[in-house]
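Residue strings, one per chain:
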Amino acid sequence: MYYGIGNGYRGCLDDSNEKHYMDRHYKKDMRDKNRFQILALLAASCLMVACGHQDASHDDKSKNETETAKIEEETLEEDTETIETETLETETSETETSEEDEAAKRAAYYDQYEKYVDFISSKTKDQLETEIDEESDKLYQDFLAGKAKAVYDKKGDFGQYICLSEVLEDGQSYTLTEMEEKLVAEGQYSEGWLYEITEVSYIDAGLDGNYELHCAIGASEFNLTLIVKNIGGKLKLCFAGDSWSRCETNVYYNGEMDSFGSSGAVSHGGDHGYIDADGNFHFWYHFHEDGYEAGDDGELEYCNHFIGRHIYMWLESFTFGQEDGQNYYFFTLEDEEREEVPEDKKNPKDPYKLAKEALEAEGLTVVTEEDYKDMINMQRMKIGFTDDLYQYGDELKPEPYW
């Protein structure tokens, strides 16, 4: 058992790494074998030359042996050059084949992944399986034109820079134009900006056959994604979330939402949730990840607690509360080659043991990978994000090639 998986299984010895390991050692054995053959030829040559000098009275024999040694030396040089050339050609050929196979697998993976993303993403009107009902279509077009109002639901507002919660009142109705005017008002982060519609598409939150409007307005480098639903002839603003150069927010066709952002090279985080068939947003969990490197002396510490030497730690936290929720932590350790460090439970100074003790000494609640998976899955079911919604499109998701 190891504590946590980060964003995927880092540094695991998979099939491609194992093949690389075996190829590397095969080539080393071939080079050693070739060197042995060369040394054997040199030894035989030296022996023949030495024997030729023992009897100086046989000039003809000595002359013949000298010529023979010269021929053998030339032959040895040719053999050596041939062996080295063949070895280099073999290694080059194997490397090229391996790189070609790797490139082909990578291309196939990303080609299939692009198809998967296209399938689960919001869709344009002509991509929908059925037509949008007439009432909803008119209301959505009127909203985009700044004519129809939508009720603002603060629960679904995830804006971090473009914050509707700062300019709108929960439960009140606004047109898109009114929202934009309030966002660019004096004193706001986007004061004086010129907003324009940057995207119009549709989703089927809850997969019930009733479509929601998925649109975005943009200004400067920011985009604000909005989800609007027709509920009994009136519009509801179900969700709002912004994106920019260091953060991206997505709402998928099934109503699932995720965001991911970076606050530094080794500091990342985001949120997960979903919109149900009734247009209600449900928060799932928030996560954050930080990387810790060893110091100049090669020692990795956490809050002055020694963990190990020449290793690296990824520490992830997650919580099920949007505000002041209980935080749980899990971690992975990697060596300098970014390979996963194996856990040694019999060693009292095992880095995993020391890391867990260091985190708990600072009041952190540490869980295992299995705990993390179970807790996330239980929370998903608790909020009604059922398997048929969560697994939408999984049949198209490619298996990792690495």
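J.: Break down the pairing of strand S9 (residues 267-275) for me, with residues and values.
T.: For S9, the buried fraction is high: nine of the nine residues fall into the buried class. Here S9 shows no split at all, with Ser267, Gly269, Asp271, Gly273 and Ile275 on one side and His268, Gly270, His272 and Tyr274 on the other all buried. Inspection of the sheet shows strand S8 (residues 256-264) paired to S9 by eight bridges, in the antiparallel sense. Paired with Gly261 across the bridge in S9 is Gly269. Direction of pairing for S9 relative to strand S10 (residues 281-292): antiparallel, over a ladder of nine bridges. Bridge pairing links Gly269 to His288 in S10. Between S9 and S10, which follow one another and run antiparallel, lie five residues, and Gly279 among them has a positive phi close to 85°.

J.: For the pattern of salt bridges, give the residues involved together with the corresponding values.
T.: Applying the stated criterion across every chain yields a total of 13 salt bridges. Put simply, Glu357 and Lys353 hold a salt bridge, and the shortest N to O gap is 2.5 Å. Of this pair, Glu357 and Lys353 both sit in helix H5 (residues 351-361), four residues apart, which is roughly one turn of that helix. Under the relative-accessibility criterion, Glu357 is labelled partly exposed at 38%. With relative accessibility at 38%, the residue Lys353 sits in the partly exposed group. Salt bridges sharing partners connect three or more residues here, namely Glu293, Glu334 and Arg338.

J.: Tell me about the packing of aromatic side chains, and please be specific about residues and values.
T.: Scanning the model with the defined rule gives 34 aromatic pairs in all. The interplanar angle of 35° and the centroid separation of 4.4 Å between the aromatic rings of Phe330 and Tyr372 together place this pair among those described as tilted. Linking Phe330 in strand S14 (residues 328-335) with Tyr372 in helix H6 (residues 369-382), this pair joins segments that are 42 residues apart in sequence. Judged by its relative accessible area of 14%, Tyr372 falls in the buried class. A network of ring pairs unites the aromatic residues Tyr161, Tyr189, Trp193, Tyr195, Phe222 and Trp244 as a single cluster. Sitting above the plane of the Phe119 ring, Lys123 keeps its charged end 5.2 Å from the centroid. Directly above the aromatic system of Tyr312 lies the positively charged group of Arg338, at a separation of 3.9 Å from the ring centroid.

J.: Explain unusual backbone geometry to me, using residue names and the numbers behind them.
T.: Phi is mostly negative for residues that are not glycine, and the peptide bonds are mostly trans. Although it is not a glycine, Asn304 adopts a positive phi angle of roughly 70°. Considering the arrangement of structural elements, one finds Asn304 in the loop between strand S11 (299-302) and strand S12 (305-309). Despite not being glycine, His310 has its phi angle at roughly 55°, a positive value. Relative to the helices and strands, His310 is located in the loop between S12 and strand S13 (311-319). Taking the relative accessible area as the measure of exposure, His310 reaches 37% and is therefore partly exposed.

J.: Lay out the sheet that holds strand S6 (residues 234-243) with the relevant residues and their values.
T.: Sheet architecture is open: six strands sit in the order S2-S1-S6-S5-S4-S3, paired in mixed fashion. At either margin of the open sheet sits one strand with a lone partner, and together these are strand S2 (173-174) and strand S3 (196-203). The strands that helix H3 (residues 134-144) touches are strand S1 (150-152), S2, S3, strand S4 (212-219), strand S5 (222-231) and S6; relative to S5, the one it contacts most, it runs at about 145°.

Analysis parameters
All residue numbers refer to positions counted from 1 along the written sequence of the respective chain. pLDDT decides what is reported in this predicted model: residues at 70 or higher carry local features, side-chain atom pairs at 80 or more are listed and counted, and totals for whole chains, interfaces and linings draw on all residues regardless. Values reported for side chains reflect all heavy atoms of the structure, with hydrogen atoms and water molecules removed beforehand. Throughout, exposure labels follow a simple rule: accessible area from a 1.4 Å probe, protein chains only, divided by the maximum for the residue type, with under 20% read as buried, over 50% as exposed, and the rest as partly exposed. Helix and strand labels come from DSSP, where a helix needs a run of H or I of at least four residues and a strand needs a run of E of at least two; each type is numbered from the N terminus. The rule for pairing is simple: two strands pair if DSSP sees at least two bridges between them. Put simply, a salt bridge is a Lys or Arg side-chain nitrogen that is within 4 Å of an Asp or Glu carboxyl oxygen. Side-chain rings of Phe, Tyr and Trp, where Trp is taken by its six-membered ring, are said to pair if the distance between their centres is within 6.5 Å; with planes under 30 degrees apart they count as stacked, over 60 as edge-to-face, and otherwise as tilted. A ring is considered to have a charge above it if a Lys NZ or an Arg CZ atom is located within 6 Å of its centre and within 35 degrees of its normal. Contacts are assigned to residue pairs with any non-hydrogen atoms lying within 4.5 Å of each other. Every angle, taken between N-to-C directions, lies between 0 and 180 degrees, and every axis is a line fitted to C-alpha atoms, over only the stretch in contact when it is a helix.

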